[in-house]
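# Structural description and commentary
So you can see what is in the structure, the chains are spelled out below.
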Amino acid sequence: MTQLHRKIWGRKIARPLKINQKRLLEEDLPRLQLHADFGKSLNPQELMPDFNGYTLEIGFGGGEHLAWQAQQSPIHGFIGCEPFITGVAGLLGCIEDAELENVRVVIDDARVLLQSLPDASLDRIFILFPDPWHKKRHHKRRIISDETIADLSRILKIGGELIMATDIQDYANWMQDILSKRPEFLLNLQGRESVYQRPDHWPITRYEQKGINAGRQASYLVYRKQGN
Ligand SMILES: C[S@@+](CC[C@H](N)C(=O)[O-])C[C@H]1O[C@@H](n2cnc3c(N)ncnc32)[C@H](O)[C@@H]1O
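Quick notes on the rules
Residues numbered from 1 in each chain as written. Predicted model: local features only at pLDDT ≥ 70, side-chain atom pairs only at ≥ 80, totals over all residues. Heavy atoms only, no water. Near = heavy atom within 4 Å. Polar contact = N/O pair within 3.5 Å; in protein donor to acceptor, adjacent residues only side chain to side chain. Areas by Shrake-Rupley, 256 points an atom, 1.4 Å probe, with all protein chains shown as cover. Nonpolar A, V, L, I, M, F, W, Y, C, P; charged D, E, K, R; others polar. Core = buried A, V, L, I, M, F, W, Y, C linked by side-chain atoms within 4.5 Å. Buried < 20%, exposed > 50% of the residue type's maximum accessible area, 1.4 Å probe, protein only. Helix = DSSP H or I, 4+ residues; strand = E, 2+ residues; numbered from the N terminus. Contact = heavy atoms within 4.5 Å. Salt bridge = Lys/Arg side-chain N within 4 Å of Asp/Glu carboxyl O.

## A closer look at the site of the ligand
- Residues in contact with the ligand amount to 17 residues; listed here are only the nearest, Gly-59, Glu-82, Phe-84, Leu-128 and Thr-205.
- Within the side chain of Thr-205, one N or O atom sits 2.6 Å away from an oxygen atom of the ligand.
- Tyr-207 places a main-chain nitrogen or oxygen 3.0 Å from an oxygen atom of the ligand.
- Protein chains shield 91% of the accessible area of the ligand, which is 590 Å² for the free molecule.
- In the shell around the ligand, the residues fall into eight nonpolar, three polar and six charged.

What follows is the structure, given as structure tokens:
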């Protein structure tokens, strides 16, 4: 993506922030926020030097999954990227409740962050239930695209994992089509019978639960980046 402008589609302002959300944003955000920008490198190893490996979650929603992962692996560093402030306040609440030291947050369009991260700087990237953008004319807004996959590949270490889930079959097909054009990525079923079988190493997310309640079948697409 040569010329990229920040563009966040969909809702920009949710409900007014509650008092506790405002407190978290005022008190905790300044020490936990990382800033991505065009032409600026955001190197996890330099910004979070005390951790052993790094995971990025794009579109973390309320932050519950990211906080759960961070609690499981306290010596591993986690970066969450989410443009919507209510979700960020949710993550800050989870960080406070679990007294997590290993999470940082980027409040931005993930495509800006992807361009800022150095080559081979991440061990895992989670993209769980991203906005599907159903209409064909909106498909270019999808966070998985031929352009973003180049950056996702570049910033992952060899042996690193790209972990995606969606309960929109058309988007699952779209993701698999894009990944099939990238020989460095191999689908890794991790002992599962198919992509429809849920991996057991993360908790059900908020959007995933909505899909389950509505009777939708999710696809869980875990790809491992191969070496040359
Ligand atoms: C359908 S929700 C899923 C949230 C969460 N992962 C879950 O499973 O409950 C999609 C999330 O992606 C976020 N999002 C949308 N566009 C984004 C972008 N360009 N960069 C990063 N996150 C984005 C939304 O704000 C929202 O939190």
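## Notes on the nonpolar core
- Counting 36 residues, the largest nonpolar core has Leu-56, Ile-125 and Leu-162 as its most contacted members.
- Secondary structure elements with two or more residues in this core: strand S1 (54–58), strand S2 (77–81), helix H6 (110–116), strand S4 (122–128), helix H7 (146–155), strand S5 (156–166), helix H8 (169–180) and strand S7 (219–225).
- If we ignore the near neighbours within four places in the chain, the residues touching Leu-56 are Ile-79, Cys-81, Leu-113, Leu-114, Leu-117, Leu-122, Arg-124, Ile-125 and Phe-126.
- With 18 residues, the next largest nonpolar core counts Ala-67, Val-88, Leu-92 and Val-105 among its residues.

## Concerning the pattern of salt bridges
- Applying the stated rule across the entire model yields 14 salt bridges.
- Here Glu-184 and Arg-182 are joined by a salt bridge, their closest N and O atoms 2.9 Å apart.
- For Arg-182, a relative accessible area of 24% puts it in the partly exposed group.
- Because the salt bridges share partners, they merge into one network encompassing Arg-23, Glu-27 and Glu-96.

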